[in-house]
Amino acid sequence: MTEKVSRKFKRIVISAQTPISKTGNGPAVGGKVNNLLLLGNNSGNGKENGKRYLVKGIRGWINHAMMALARKEGVEICHTSDKTETQKGENLLPEGFHANGKCYPEKECIKHRLMGSITKQSKLKFEPVIIVSEANNKGKKETDTLAMHIATERRNVLGHKTKFGIQDFGERYFSGELTIKIELLEELTREELGFLLKAILYAPELGLGASVNNGGGRVQLKQITLQEVVRSRGFDKNGKVVEEEKTRNLWKEMKEGMKTWPIVNA
Ligand SMILES: [Zn+2]
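The structure displayed is predicted, hence computed values, not measured ones.

*Asks:* Whenever I open this one, the confidence of the model for the chain confuses me. Can you help?
*Replies:* Do not read the predicted coordinates in detail wherever pLDDT is low. Chain-level pLDDT for the chain is 86 on average; 88% of the residues reach the 70-or-more range. Taken as a whole, residues 25–33 scores under 50 in pLDDT and shows 19 contacts with residues more than four places along the chain or in a different chain.

See below:
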């Protein structure tokens, strides 16, 4: 590789595992499975087999963890909703939050600085988590996707006091090792980094996705790493694009950040 382009940035890499998760926007109704977004089918390309799914709801999970954590520490931040009341005038926002983006630009809160809103871009880019079924992936070459156990749970709803099924539907779930990457589009302050790291550490308390009260969405965090990444791309003599990443772990910076949030007002 003689000529290449490169970019230096930081990212957070989270290694985790889940015994069972069903992410998405609540239970699937009417037999549709909407908790994993089907991206395509790679059957027969020789590298990996089967369907590729996008795991939805990772950003929302961290968003809600930020809310829960800030509330616990008594720090007011944006709610995920930008609506403050219903048409009838009933308050929609719990105490301790303001409507999403309302703080910007005069008194921008720490969550808005990280996550943004319709008025300002986020500093965080959540890389898509794409999974394939490990059952179809045995002996295949490693790729950017994660091989996990994926299956559909069929469920029935029975009529009142009968054994007749009145509805049956499937919920797709996944299980196994999970890697989540969050790219930092701008440099974070120590305080912002600390808040983000603590929100990630708090997130398992909330559970990921649906069916949390029935044992779903339990996530065990195994490692969190702040990395400096230099990614470069060029081509070889045949025009084939060669991409490489050099990474360095920033343990000290993580530790400093952890000490910096929340700022205790004396
Ligand atoms: Zn705010």
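*Asks:* Before we go on, may I ask you to explain the nonpolar core in this structure?
*Replies:* Proteins that are soluble and globular tend to have nonpolar side chains buried together. Membership of the largest hydrophobic core comes to 45 residues, with the highest contact counts inside it found for Ile62, Met66, Ile77, Ile131, Leu196 and Ala199. When near neighbours in sequence (up to four residues on either side) are disregarded, Ile62 contacts Ala199, Ile200 and Ala203.

*Asks:* Could you clarify how one ought to interpret the pairing of strand 1 (residues 4–21) in this entry?
*Replies:* Note on strand geometry: in a regular strand, side chains alternate between the two faces of the sheet. The pairing of strand 1 with strand 10 (residues 220–235) spans 14 bridges and is antiparallel. Directly across from Gln17, in strand 10, lies its bridge partner Gln220. Bridge analysis of strand 1 against strand 9 (residues 165–184) gives 10 bridges, and the strand direction is antiparallel. Each bridged residue has a counterpart across the sheet, and for Ala16 the counterpart in strand 9 is Leu178.

*Asks:* Is there a simple way to think about the pairing of strand 7 (residues 130–133) in this case?
*Replies:* The pairing of strand 3 (residues 51–55) with strand 7 spans three bridges and is classified as antiparallel. Pairing of Tyr53 across the sheet is with Ile131, part of strand 7. In this sheet, strand 8 (residues 146–158) lies alongside strand 7 in parallel orientation, the contact comprising three bridges. Directly across from Ile131, in strand 8, lies its bridge partner Leu146.

*Asks:* How should the packing of helix 1 (residues 58–73) against helix 3 (residues 190–202) be read in this particular structure?
*Replies:* Pairs of packed helices are described in terms of their axes, by the angle between the two and the distance that separates them. Where helix 1 meets helix 3, the axes come as close as 8 Å, and the angle between the chain directions of the two elements is 100°. Accordingly, the angle class assigned to the pair helix 1 and helix 3 is roughly perpendicular. Residue-level inspection shows Ile62, Ala65, Met66, Ala68 and Leu69 of helix 1 in contact with helix 3, the latter providing Lys198, Ala199, Ile200 and Tyr202. For the contact of helix 1 with helix 3, the per-class residue count stands at eight nonpolar, no polar and one charged.

*Asks:* Explanation requested: the packing of helix 3 against helix 4 (residues 251–260) in the structure shown.
*Replies:* Close contact between helix 3 and helix 4 brings their axes to 7 Å; oriented N to C, the two are set at 85°. As summarised for this structure, helix 3 and helix 4 are arranged roughly perpendicular, according to the angle between their axes. From helix 3, Arg190, Glu191, Leu193, Gly194, Leu197 and Lys198 reach across to helix 4, where they touch Met254, Glu256, Gly257, Met258, Lys259 and Thr260. Residue classes in the contact of helix 3 with helix 4 are distributed as four nonpolar, three polar and five charged.

*Asks:* Quick question: what am I supposed to make of unusual backbone geometry here?
*Replies:* The linkage connecting Tyr104 with the following residue, Pro105, adopts the cis geometry, with an omega of 0°. Turning to its location among the elements, Pro105 is positioned in the loop between strand 5 (97–98) and helix 2 (110–115). Of the consecutive residues Trp261 and Pro262, the connecting peptide bond is found in the cis state with omega at -5°. Topologically, Pro262 is positioned in the segment after helix 4. Positive phi outside glycine occurs at Lys161, with the angle close to 55°. Within the secondary structure layout, Lys161 lies in the loop between strand 8 and strand 9.

*Asks:* Any chance you could explain the environment of Ser122 here in plain terms?
*Replies:* In this structure, Ser122 sits in the loop between helix 2 and strand 6 (124–126). For Ser122, a count of 15 C-beta atoms within 10 Å gives the class partly exposed. For the pair formed by Ser122 and Leu185, sequence separation is 63 residues and the distance between their alpha carbons is 8.0 Å. Apart from the residues lying within four places of it in its own chain, the contact partners of Ser122 are Leu114, Met115 and Gly116.

*Asks:* Whenever I open this one, helix 3 confuses me. Can you help?
*Replies:* At 3.6 residues per turn, the α-helix brings residues three or four places apart onto the same side. For helix 3, spanning 13 residues, the distance from its first C-alpha to its last is 18 Å, which sits close to the expected 18 Å at 1.5 Å a residue. All buried positions along helix 3 are accounted for by Glu192, Leu193, Gly194, Phe195, Leu196, Leu197, Ala199 and Ile200. In this structure, the buried side of helix 3 is in contact with strand 1, helix 1, helix 2, strand 10 and helix 4.

Parameters at a glance
Residues numbered from 1 in each chain as written. Predicted model: local features only at pLDDT ≥ 70, side-chain atom pairs only at ≥ 80, totals over all residues. pLDDT = per-residue confidence, 0-100. Contact = placed C-beta atoms within 7 Å. Core = buried A, V, L, I, M, F, W, Y, C linked by C-beta atoms within 7 Å. Buried ≥ 20, exposed ≤ 12 C-beta atoms within 10 Å, placed from the backbone. Pairing = 2+ DSSP bridges. Helix = DSSP H or I, 4+ residues; strand = E, 2+ residues; numbered from the N terminus. Axes fitted to C-alpha atoms, helices over the stretch in contact; angles between N-to-C directions. Parallel < 35°, antiparallel > 145°, perpendicular 65-115°, else oblique. Nonpolar A, V, L, I, M, F, W, Y, C, P; charged D, E, K, R; others polar. Expected span 1.5 Å × (residues − 1).

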